[in-house]
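Observations on chain architecture
Residues per chain are reported as follows:
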Amino acid sequence: MNRRLVLSSLAAASIVALAGCSGPYTVSADVSSYGSWPADRKPGTYAFERLPSQQQSEEATKRQTALEDAARGALEKAGFKPAADAKSADVLVTLGARITAYDPVPWDDPLWWRWRGRLFSPRYGYGGWGGWGWRQDPFFDRRYDRAVAVLMRDRASGEALFETHASNEGITAGNDATLGILFDAALAEFPKVEPKSHRVSVQAMR
């Protein structure tokens, strides 16, 4: 059995093992928040507000609807309730999301502190399983940075009250459920404001 077959078998076994798992698990994200939510103001009703670019086409509208659906649970956990319509809402909520793919490049960081490669890579020297890991190695994968943003404005005055961002990275682009978890992290500390990026962990279900 050659080295590539061994690696492929290990990767497949890992996927099967993960697929068989179910139940709660913890997800961490880097979160930063800004604003001046009044200390005596309770979460009220909300309605989503879309930017012109978020409704310029049928595809953009469809994607924004999915994003709003992903954020509803996090807003309700923070104490908000959906309004009957935008005119009666206490706050207007604007959402954003970004998924960025990048290839692992070890020399981006001379100390490899945030190394995104895998076992068979220059980080582990020239010995062992042949030393250098090339793109065709199944463990030498592309990484994805997933990020969401939430902006809350007072509907009556238009004042921006609270803004928060959350991001993490992984070996897949994720899906709407992944974005929902990021919205949970982004609003987990609401209405606390902490501009400095810090780690927030939330519970999710497989």
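Scope of this entry: the structure provided in the associated data block. (Residues numbered from 1 in each chain as written. Predicted model: local features only at pLDDT ≥ 70, side-chain atom pairs only at ≥ 80, totals over all residues. Heavy atoms only, no water.)

What follows is about the pattern of salt bridges. If you walk through the whole model with that rule in mind, you get nine salt bridges. Two residues, R72 and D69, come together in a salt bridge whose shortest N-O distance is 3.1 Å. Of this pair, R72 and D69 both sit in helix α2 (residues 58-77), three residues apart, roughly one helical turn. Residue classification places D69 among the partly exposed residues on the basis of a relative accessible area of 44%. As a salt-bridge pair, D184 and K77 come within 3.0 Å of each other at their nearest N and O atoms. Taken together, the positions of D184 in helix α3 (residues 176-187) and K77 in helix α2 put the pair 107 residues apart, joining distant regions of the chain. You can call D184 buried: its relative accessible area is 15%. For K77, a relative accessible area of 63% puts it in the exposed group. (Salt bridge = Lys/Arg side-chain N within 4 Å of Asp/Glu carboxyl O. Helix = DSSP H or I, 4+ residues; strand = E, 2+ residues; numbered from the N terminus. Buried < 20%, exposed > 50% of the residue type's maximum accessible area, 1.4 Å probe, protein only.)

Applying the stated criterion across every chain yields a total of five aromatic pairs. The interplanar angle of 85 degrees and the centroid separation of 5.8 Å between the aromatic rings of W37 and F80 together place this pair among those described as edge-to-face. Here the residue W37 occupies a position in the loop between β1 (24-35) and β2 (45-48), and F80 occupies one in the loop between α2 and β3 (81-82), the gap between them amounting to 43 residues. Under the relative-accessibility criterion, F80 is labelled buried at 0%. Relative to F48, the ring of Y46 lies with its centre 5.3 Å away and its plane at 70 degrees, an arrangement referred to as edge-to-face. (Phe/Tyr/Trp six-rings, centres within 6.5 Å; stacked < 30°, edge-to-face > 60°.)

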